[in-house]
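Working through the structure, step by step
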Amino acid sequence: MTVTHPVGAEEVVLGGGRSPAPPDRPPATGTAARLTRPLPALLLVGLLAAGWQLMAHTSDSALIPGLGDIARNLADITTSGALGENVRVTLTRVTLGFAAAFVVSVAAGIAMGRSEWLRRFLEPAVLIGLATPGLVKALLCVIWFGVSLVNPVLTVALAAAPALTINIAQGVRAVDPALGEMAHVYRLDALTRLRYLWLPAIVPDLFTGARLGIAMAWKVIVLVEIFGLADGVGYQLNLEFSQHNVAGVLAWTVAFALVMAAIEYGLLQTLERRAVRWRRVALR
Amino acid sequence: MSTRISLDGVDKTFTNRRTGERQQIFRDFSLTLAPDELVAVVGGSGTGKTTLMHLIAGLERPDRGTVSTGGTRPRLGMVFQQPRLLDWTSVETNVRLAATAAGIDTTEVAPILDAVGLTEYARSYPSVLSGGQRQRVAVARAFVVRPEVLLLDEPFSALDELTARRLRLLLQQLWLRTPRTGLLVTHNALEAAFLADRVVVLGGRPAEVVGEYRIDRPRPRSPEDPELFDVHRRIVAALT
Ligand SMILES: Nc1ncnc2c1ncn2[C@@H]1O[C@H](COP(=O)(O)OP(=O)(O)O)[C@@H](O)[C@H]1O
Ligand SMILES: [Mg+2]
């Protein structure tokens, strides 16, 4: 793929899939190591919180609520069940949209990776998809599909698919064509090729694409919920905003960020670590 | 179900992607493999032996002329010059996937792995194997599908002499049990003489048949058969 820099407004890093793996340091094991590893991140959070609190204290403005205020709001939405319910709604939309994007991107990415003609044919669509700001995708989907479930799912899919597709296509292009010939000679069916040839080969690019895609998904889901839907985290953010409750906006933001972080670190990175470890075993 | 393979008036030219230089590998080239005939092709490297094999396998198309396998697409067993294994899955699965795709019962996988001496590596990934062991997986994969046409591109050249000998005997057994049409590319003139019904020597650019030897010795043959050494001498003479 000739694309190295996205034309769009959103910060996308393309082609990270082939970046060299970090050097194998002796793995930090034991409980002590596990406890000290997140310390730098926690320190940063602590410093930011302290700075914020200082700012809130000195400015004494309703626009910069103190930590206590935010925490109270967070406790309120947690105990009322609003947090759980809206996060669930939003996550469902993101999951469905991402799943749709995944299926389409794997098909399109493999097609683009294997056929020069299809690459030329589909590339403009992918590039336009990358260049179009998430805001525009969200607005158009709201206009066209209104409050139906199609709206958020399609928005998320449109946001996630281009980066995913480009990365998958790149991964497939790097697959040895000799293996494709072998599969042709032995008449391996499409599913077998997908499972044993294409998917394993593109695992690193798949994860790079998935991470970028999910990052895009978070951004647009909030937008689409603000503009066109009657529930979800974005809707709640907008509600607090319209009531001039800055602490409420911040409480939802913090909660949402925590959920995203949990999914990034908890789910994606664990999956990736396992996939990469399996690859390394297989390629030893 | 025996397959006749014929190349008729085949032209094939490659264009080097970087230099744009064109080299004609075949011009008006014809060759026929009779049903159930095992033909060995010998010749210097770069002559076009692999290209010939890929033409028969349908992996390359002739620029002109025809390559025919008798109307149907025969079931192929092929050992490429490199093993071409799926690195992400076990030895056993590599062989099994080909078997399944060919409609062969998976119970036939284990005996083949045993025959190539890889039983204890069945569950290993190909990456832990030596080059010779990987090539044996490729041989097992080619044999397990009960090929109607067997295409072997220097299948034993990466193996130690002992293993190569074992696999040559295995190949001979295969022909004793069920003959089929086969093409064996090799650098080893003695191997060609031992295994083949006919040895074709390719040379020149574009490639031509510069020598052809029919070997009418009944199977099973002995690798020590003095008659074979005689053929061997004549092949080497044609090569040089
Ligand atoms: N796909 C290809 N593109 C360009 N040149 C090729 C290609 N395949 C083979 N050749 C060239 O054709 C010639 C014959 O190759 P090959 O059939 O592999 O020879 P052999 O197997 O006899 O060693 C070589 O010079 C090789 O570089
Ligand atoms: Mg060759």
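Every value quoted in this text rests on a predicted model; they were computed, and no experiment measured them.

Cut-offs and rules
- Residues numbered from 1 in each chain as written.
- Chains lettered and ligands numbered in written order.
- Predicted model: local features only at pLDDT ≥ 70, side-chain atom pairs only at ≥ 80, totals over all residues.
- Heavy atoms only, no water.
- Domains from an automatic or database assignment.
- Contact = heavy atoms within 4.5 Å.
- Buried area = accessible area lost by both parts, 1.4 Å probe.
- Donors = N, O, S within 2.8 Å, 3.2 Å for Na, K, Ca; no water.
- Helix = DSSP H or I, 4+ residues; strand = E, 2+ residues; numbered from the N terminus.
- Buried < 20%, exposed > 50% of the residue type's maximum accessible area, 1.4 Å probe, protein only.
- UniProt positions renumbered as here; feature names shortened; annotations may be inferred.
- Near = heavy atom within 4 Å.
- Polar contact = N/O pair within 3.5 Å; in protein donor to acceptor, adjacent residues only side chain to side chain.
- Nonpolar A, V, L, I, M, F, W, Y, C, P; charged D, E, K, R; others polar.
- Patch = residues over 30% accessible without salt bridge, like charges linked within 9 Å, V, L, I, M, F, W, Y side chains within 5 Å.
- Areas by Shrake-Rupley, 256 points an atom, 1.4 Å probe, with all protein chains shown as cover.
- Salt bridge = Lys/Arg side-chain N within 4 Å of Asp/Glu carboxyl O.
- Lys, Arg positive; Asp, Glu negative; His and termini not counted.
- Charge placed at Lys NZ, Arg CZ, Asp CG, Glu CD.

Here we come to the domain arrangement of chain B. Residues and elements named next belong to chain B. Partitioning chain B into domains gives domain 1 (5-74 + 151-239) and domain 2 (85-147). Taken over C-alpha atoms, the centre of domain 1 sits 24 Å from the centre of domain 2. Opposite the twelve residues of domain 1 that make contact, domain 2 presents ten residues. Taken over both partners, the interface formed by domain 1 and domain 2 buries close to 940 Å², and the fraction arising from carbon and sulfur atoms is 72%.

Residue and element names in this part refer to chain B. Distances from the magnesium ion (ligand 2) to its protein donors, Thr 50 (OG1) and Gln 81 (OE1), fall within 2.0 to 2.4 Å. Placement of the pair is Thr 50 in helix α1 (residues 49-57) and Gln 81 in the loop between β5 (76-79) and α2 (91-101), with a sequence separation of 31 residues. Its relative accessible area of 36% is what places Gln 81 among the partly exposed residues.

According to UniProt, the positions carrying the feature "domain: ABC transporter" (unreviewed entry) are residues 5-229 of chain B. Along residues 5-229 of chain B the backbone is 31% helical and 27% strand, and the end-to-end C-alpha distance reaches 28 Å.

Right, let's talk about the UniProt feature "domain: ABC transmembrane type-1" (unreviewed entry) in chain A for a bit. Under the local residue numbering, the UniProt record ascribes the feature "domain: ABC transmembrane type-1" (unreviewed entry) to residues 87-269 of chain A. The straight-line gap between the two end C-alpha atoms of residues 87-269 of chain A is 21 Å; of that span, 88% is helix and 0% is strand.

What follows deals with the site of ligand 1. Residue and element names in this part refer to chain B. Neighbouring residues of ligand 1: Phe 14, Gln 23, Ile 25, Gly 44, Ser 45, Gly 46, Thr 47, Gly 48, Lys 49, Thr 50, Thr 51 and Arg 205. Gln 23 is positioned with one of its side-chain polar atoms (N or O) 3.3 Å from an oxygen atom of ligand 1. Here an oxygen atom of ligand 1 sits 3.2 Å away from a polar atom, N or O, in the main chain of Thr 47. Where the shell around ligand 1 is concerned, the elements lending two or more residues are β2 (22-33) and α1. It is α1 that contributes the most residues to the shell around ligand 1, three residues altogether. In terms of residue class, the shell around ligand 1 is built from two nonpolar, eight polar and two charged.

Our focus in this paragraph is a positive patch on the surface. Residues and elements named next belong to chain A. On the surface, Arg 34, Arg 37, Arg 273, Arg 274 and Arg 277 cluster together to form a positively charged patch. It is helix α12 (residues 246-283) that provides the largest number of residues to the positive patch, a total of three residues. Within the secondary structure, Arg 34 sits in helix α1 (residues 30-36). On the basis of relative accessible area, Arg 34 is assigned to the exposed category, the value being 55%.

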